[in-house]
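Chain by chain, the residues:
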Amino acid sequence: MDNYYLNIESIASLRKILDGEVLLSISRNSEERRRFVEALEIFNISIKSQPAIIIRCESTEDVVKSVKFIKSEDLSCSIRSGGHHFFGASLKDKGVVIDVSNMKKFSFNEQKQTATLQPGCDWHTLETLTHGKYEKRGANDERYGLVATGGDCPTVLNSGYTLGGGYGLSSRSFGLACDNLISAELVLATGEVVQANDKENPDLYWALRGAGGGNFGVVTSLEYQLHLLPKEVLCGYIEWPLSQAEDVMKFYRDMYLNENLPDELSLGMFLGTSPYPEGEPVVNVYGLYTGPADEGKEHVEKFQEFGEPIEDIFGVRPYLDFMTAIGEEIPYGLESKRKGGYFRNDGLSDEAISSIVSHFGKCPSGYSLTRFDLQGGGAIGRVAQDATAFVHRDSLFHISIGSFWQHESEAEENLKWAYEHYQIVSPYLNGHAYQNYADAEITDWSHAYYGQNYPRLQQIKKKYDPENFFEFKQSIRT
Ligand SMILES: Cc1cc2nc3c(=O)[nH]c(=O)nc-3n(C[C@H](O)[C@H](O)[C@H](O)COP(=O)(O)OP(=O)(O)OC[C@H]3O[C@@H](n4cnc5c(N)ncnc54)[C@H](O)[C@@H]3O)c2cc1C
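Rules and cut-offs
- Residues numbered from 1 in each chain as written.
- Predicted model: local features only at pLDDT ≥ 70, side-chain atom pairs only at ≥ 80, totals over all residues.
- Helix = DSSP H or I, 4+ residues; strand = E, 2+ residues; numbered from the N terminus.
- Expected span 1.5 Å × (residues − 1).
- Buried ≥ 20, exposed ≤ 12 C-beta atoms within 10 Å, placed from the backbone.
- Arc of directions from axis to C-beta.
- Contact = placed C-beta atoms within 7 Å.
- Domains from an automatic or database assignment.
- Nonpolar A, V, L, I, M, F, W, Y, C, P; charged D, E, K, R; others polar.
- Pairing = 2+ DSSP bridges.
- Axes fitted to C-alpha atoms, helices over the stretch in contact; angles between N-to-C directions.
- Near = placed C-beta within 6 Å.
- Parallel < 35°, antiparallel > 145°, perpendicular 65-115°, else oblique.

## A look at helix 8 (residues 245-257)
Here is step 1: Counted at 1.5 Å a residue, the expected span for helix 8 with its 13 residues is 18 Å, and the 18 Å between its end C-alpha atoms agrees.
Here is step 2: Buried within helix 8 we find Ala245, Val248, Met249, Tyr252 and Arg253. Down the axis of helix 8, the sector holding all buried residues measures 135 degrees, keeping them to one side.
Here is step 3: Where helix 8 is buried, its residues touch strand 13 (232-241), strand 14 (265-274), strand 15 (280-289) and helix 11 (350-360).

In structure tokens form, the structure reads like this:
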């Protein structure tokens, strides 16, 4: 690709047959160049990849035509939907980006309680329909809506999220997003459109549930199982000053280690600042109870009565309002570095907690967060490690060190903080890492992301993409 010069004739032919648009980095048209730069925007602005072409697809047919064009021109490609990949695998430097973020159609089957989404669809839009507008009455006339196991970020799109696992606040009750994937349609490197489900191409279906995006083809449609959730849920957050963080974290850990913890309870925790980002350092416990609110109260009250919280907004409120509020907290346009991993089963020790809190106290940026955001156990842990490609089934705790800063001049000290934090916590981790929180610096990534499932993923890659057309740093190798 280094010496590739755009073949203007074949690009013109592609433009004629596509419903979507083709954007060139070197277009003579300034409006097209502006749209190119706009389409290049991704969550982590530290990534500076420069693709040559972005094809904004509108349909499966557009994806087929794009794949055929890229093959015939002998170009390299990447697939992009929401653009949240941590090291930017969705933008291939000097390559062609197959952008599916404009494919936003979705449908909802009330009877089967399923939804079929194109890859450009986000969870919030879906749930506004299935939970906000749809209503079902329970045995005692309680009001329910239907939810997917989506995440809390409104701009993470469903396919990238699901293919790598997908932890949401209701995953302990209903499983990961990949556990709720019933069927997927994808375009292979040959341009062939195939289905993957338990009857058609079951090996591919197995792989899509955890392999991570960009490995086997372009996913153009995904069917999900939805779940009933009360219209109003017990949800919110409680905050304590950093001086109480060690005690709160131990209490939080012990709650998860209690075998009688109901699946319905899902609480995440982070060290951050309040008010965000200019306030004082705090520990925050947030989440929801997916069952009837009065049943969840006894669990949440334990936290409300613990120590001396500085803020407590746990209460019964509409589920969608809570999810919207969480999404609004996420900052955009920042440079970032993420490190992290799953803890050993005995890893979140008192000693580990003490080191984590102490290091967080030295954080140079009010934007940074040390998060315990992937709650394990419940329905996630009841799926066998080899039932899908997603292997991290028995981990209860995960740490995500998110270092964020605004100006390039702040990079050095913030990177130093993130690397030292990771070094401090590493002895307590089990060597596994979440593939949706990809880290380009993990050398043994095949083990870290897939464990014992990697050889089977390699066989499936050989069958469906033998020429390694879908390739990026850390993609599955044949
Ligand atoms: C702010 C933020 C919040 C997050 N919150 C959560 C969370 O709550 N829970 C959680 O589990 N994860 C979370 N993540 C991680 C997120 O799930 C992954 O980064 C996910 O891969 C993002 O998908 P995307 O479509 O937005 O990103 P992209 O960068 O567009 O895609 C991610 C990967 O999937 C590939 N891909 C995208 N679309 C397709 C497709 N249609 N077919 C095949 N391959 C495709 C891309 O090539 C790339 O390799 C979060 C990330 C961020 C930055």
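## Describing the domain arrangement of the protein
Here is step 1: Along its sequence, the protein is organised into domain 1 (3-99), domain 2 (106-229) and domain 3 (232-437).
Here is step 2: The centre of domain 1, based on its C-alpha atoms, is set 36 Å off from the matching centre of domain 3.
Here is step 3: Taken together, the contact between domain 1 and domain 3 spans 4 residues of the former and 6 residues of the latter.
Here is step 4: Across the side of domain 1 that touches domain 3, the residue classes break down as 2 nonpolar, 2 polar and no charged.

## As for the sheet that holds strand 8 (residues 143-147)
Paired through backbone hydrogen bonds, the strands of a sheet run either parallel or antiparallel to each other.
Here is step 1: Read from one edge of the open sheet, 3 strands run 7-8-12, paired in antiparallel fashion. The open sheet has two edge strands with one neighbour each: strand 7 (136-137) and strand 12 (227-230).
Here is step 2: For strand 7 and strand 8, the ladder comprises 2 bridges, and the chain directions are antiparallel. Across the sheet, residue arginine 137 finds its bridge partner in strand 8, namely arginine 143.
Here is step 3: Against the sheet, helix 4 (residues 123-133) engages strand 8 and strand 12, with an angle of about 160 degrees to strand 8.

## A look at the site of the ligand
Here is step 1: Around the ligand sit 32 residues, and of these Gly82, Gly151, Gly160, Gly213 and Gly214 come closest.
Here is step 2: When contributions to the shell around the ligand are tallied by element, the ones reaching two or more residues are strand 3 (77-80), helix 5 (158-163) and strand 11 (218-225).
Here is step 3: If one sorts the elements of the shell around the ligand by residue count, helix 5 sits on top with 4 residues.
Here is step 4: Considering only residue class, the shell around the ligand consists of 14 nonpolar, 16 polar and 2 charged.
Here is step 5: Per-domain counts for the shell around the ligand show at least three residues from each of domain 1 (3-99) and domain 2 (106-229).

## Regarding the pairing of strand 3
Consecutive side chains of a regular strand alternate in pointing toward one face of the sheet and then the other.
Here is step 1: Side-chain alternation along strand 3 places Cys77 and Ile79 on one buried face and Ser78 and Arg80 on a second face that is also buried.
Here is step 2: Of the pairings in the sheet, the one linking strand 3 to strand 4 (residues 96-99) comprises 4 bridges and is parallel in character. Looking across to strand 4, one finds that arginine 80 is bridged to aspartate 99.

## Observations regarding the packing of helix 11 against helix 13 (residues 411-425)
Here is step 1: Following both chains from N to C, one finds helix 11 and helix 13 inclined at 170 degrees, their axes separated by 10 Å at the closest point. In terms of orientation, helix 11 lies roughly antiparallel with respect to helix 13. Residue-level inspection shows Ala352, Ser355, Ile356 and His359 of helix 11 in contact with helix 13, the latter providing Glu420, His421, Ile424 and Val425.
Here is step 2: Residue classes in the contact of helix 11 with helix 13 are distributed as 4 nonpolar, 3 polar and 1 charged.

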